[in-house]
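The residues making up each chain are set out below.
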Amino acid sequence: MIKRILFATLLAVSSLFAAPANAKVGDAAWAACAWQKAPISAKNWLAMPLPVWSTDIQSASAALALRLAAVCATEAANELKPNREFNWKQMANALERARSASSTASEAASPTVKMCRNYLTKEEKVELFRVDIVRDDEGSQFLVFQQHFASFEDRPVKLPQDLRAVPTNDDGKLSVDCKVISNDGSLTDA
């Protein structure tokens, strides 16, 4: 009988620690992880207006939302199904429910999250065609989100779900510029 109770207790405790490994962005396990790993980012983002589909991905609220999603995401972006934004309202609600009274911890142990902008240069014209959100956790890179763009009147326009822009070197010169997303949503040199 004691062995059964001990086994059941160990199983229950191990499932508590295993929950964040299976966290989906916007659920309770993800929110608890976000408050643990990025409390300053979470607090700052909740004070901002929520991004919407038309919000510039490089704005502070969108970049910080993507940073929070990436810090604890367990599912990699599906490169064949890009442009699937996270549910910002669901994320905010989960963070509000999981908010701890003492969220003054440091983010020093938080993984680095980068916004990598992919450009195509053709005849001296530079076009943004994709943005990748990448978590760099001790040298291991994890692609969390991709947004593809088309150029319209010399401005990047977000493509809808599942549409991709896939230029090749034959189309022009490809380049990538990665910036770290800080805990206030600003982009700094990597």
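Summarised in this report is the structure supplied together with it.

Rules used in this analysis
Residues numbered from 1 in each chain as written. Predicted model: local features only at pLDDT ≥ 70, side-chain atom pairs only at ≥ 80, totals over all residues. Heavy atoms only, no water. Disulfide = S-S within 2.5 Å. Core = buried A, V, L, I, M, F, W, Y, C linked by side-chain atoms within 4.5 Å. Buried < 20%, exposed > 50% of the residue type's maximum accessible area, 1.4 Å probe, protein only. Helix = DSSP H or I, 4+ residues; strand = E, 2+ residues; numbered from the N terminus. Contact = heavy atoms within 4.5 Å. Axes fitted to C-alpha atoms, helices over the stretch in contact; angles between N-to-C directions. Left-handed = near helix turned anticlockwise from the far one by under 90°. Nonpolar A, V, L, I, M, F, W, Y, C, P; charged D, E, K, R; others polar. Pairing = 2+ DSSP bridges. 1 Å grid on protein atoms, 1.4 Å probe; cavity = no way out; pocket = protein on both sides within 12 Å on 5 of 7 lines; lining within 4 Å. Points joined across faces, edges and corners; volume = space filled by probe spheres on them.

Here's the deal with the state of the cysteines
Tallied over the full model, the rule gives two disulfides. Assigning the bonded cysteines of the protein consecutive numbers by sequence position, one obtains the connectivity 1-2, 3-4.

Comments concerning the nonpolar core
Of all hydrophobic cores here, the largest spans 36 residues; its most connected members are Trp30, Trp45, Leu68, Met91, Leu95 and Ile133. Elements with a minimum of two residues in this core: α2 (28–37), α3 (39–46), α4 (60–72), α5 (88–98), β1 (112–122), β2 (125–137) and β3 (140–152). The leading source of residues in this core is α4, at nine residues. Ignoring anything within four residues of it in the chain, the contact list for Met91 reads Val25, Gly26, Trp30, Trp45, Ala65, Leu68, Ala69 and Phe86.

Quick word on the packing of α3 against α5
The description of two packed helices rests on the angle between their axes and on the distance between the axes. Between α3 and α5, whose axes approach to 11 Å, the crossing angle comes to 120°. Relative to α5, α3 is oriented so that their crossing is left-handed. The segment α3 lies against α5, with Ala42, Trp45 and Leu46 engaging Trp88, Met91, Ala92, Leu95 and Glu96. Residues belonging to the contact of α3 with α5 are distributed by class as follows: seven nonpolar, no polar and one charged.

Describing the pairing of β3
Bridge count between β2 and β3: eight bridges; the pairing is antiparallel. Paired with Ile133 across the two strands is Phe145, which belongs to β3. Between β2 and β3, which pair antiparallel and follow one another directly, the connecting turn spans two residues, one of which, Glu138, has a positive phi of 55°. The pairing of β3 with strand β4 (residues 155–158) spans four bridges and is classified as antiparallel. Considered in β4, the bridge of Ala150 is made with Val157. Linking β3 to β4, which pair antiparallel, is a turn of two residues; within it Glu153 sits at a positive phi near 50°.

Details of empty space enclosed by the protein
Scanning the entire structure with this criterion turns up one cavity of 30 Å³ or more. Empty space within the largest cavity amounts to approximately 40 Å³. In this structure, the largest cavity is lined by Pro51, Val52, Thr55, Ile57, Ala62, Leu66, Glu85, Trp88 and Lys158. Grouping the constituent residues of the lining of the largest cavity by class yields six nonpolar, one polar and two charged.

Section: the environment of Ala73
Along the chain, Ala73 falls in the loop between α4 and α5. Under the relative-accessibility criterion, Ala73 is labelled buried at 5%. Ignoring anything within four residues of it in the chain, the contact list for Ala73 reads Val25, Trp30, Arg135, Phe142 and Val144.

Keep in mind that these numbers describe shape and distance, not what the molecule does.
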